[in-house]
Amino acid sequence: MKIASLIAALSATVALTALGQEGVVQEVKHGAKKAGETIKDGLETAGEKTKETAKTVGKKTKETAETVGEKTKETGEAVARKTKETVNGAGEKATAETTQKTHHKSRKAASKAKAQTTEEQTTDRDSNTPVPSPTP
């Protein structure tokens, strides 16, 4: 009977060990499956976040490009306007200077002519007056 008890005890031990290992194997499988699902969920979330970030970056880049384009256009228009004002102002200034110079030269010539005429008249008066005779 000792042998039968020993065999029964041994069989029970093997059976319990087999059942215990089966439980451990099931736990490991379950844990691995859960870990795989967690990783999958994390990757999906990361993919979604990356996609959202890419859309946001694209949108911001487009807005920035539009703003830069508008500012460049405004700057170009301002430069063109200032250049036109400068050219027009320079033309008006040149015209004003030319008019002033012409007026000045004209007045100077008129004064010179007047002085010359006055001098000639004085000379003519002197020659028209009878010269007093040296003998009385």
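Quick look at the structure, then. Note that this is a predicted model, so its numbers are computed, not measured.

**What about the overall build of the protein chain?**
- Helix and strand counts for the protein chain come out as 1 helix and 0 strands.
- Within the protein chain, the fraction of its 136 residues that count as buried is 0%.
- When the accessible area of the protein chain is evaluated, it comes to approximately 12,500 Å², of which 62% is carbon and sulfur surface.

**Thoughts on a negative patch on the surface**
- A contiguous patch of negative charge on the surface is contributed by E37, D41, E44, E48 and E52.
- Looking at where E37 falls in the secondary structure, it is placed in helix α1 (residues 2-128).

Conventions and cut-offs
Residues numbered from 1 in each chain as written. Predicted model: local features only at pLDDT ≥ 70, side-chain atom pairs only at ≥ 80, totals over all residues. Heavy atoms only, no water. Helix = DSSP H or I, 4+ residues; strand = E, 2+ residues; numbered from the N terminus. Buried < 20%, exposed > 50% of the residue type's maximum accessible area, 1.4 Å probe, protein only. Areas by Shrake-Rupley, 256 points an atom, 1.4 Å probe, with all protein chains shown as cover. Patch = residues over 30% accessible without salt bridge, like charges linked within 9 Å, V, L, I, M, F, W, Y side chains within 5 Å. Salt bridge = Lys/Arg side-chain N within 4 Å of Asp/Glu carboxyl O. Lys, Arg positive; Asp, Glu negative; His and termini not counted. Charge placed at Lys NZ, Arg CZ, Asp CG, Glu CD.

The values are spatial; any link to function lies outside them.
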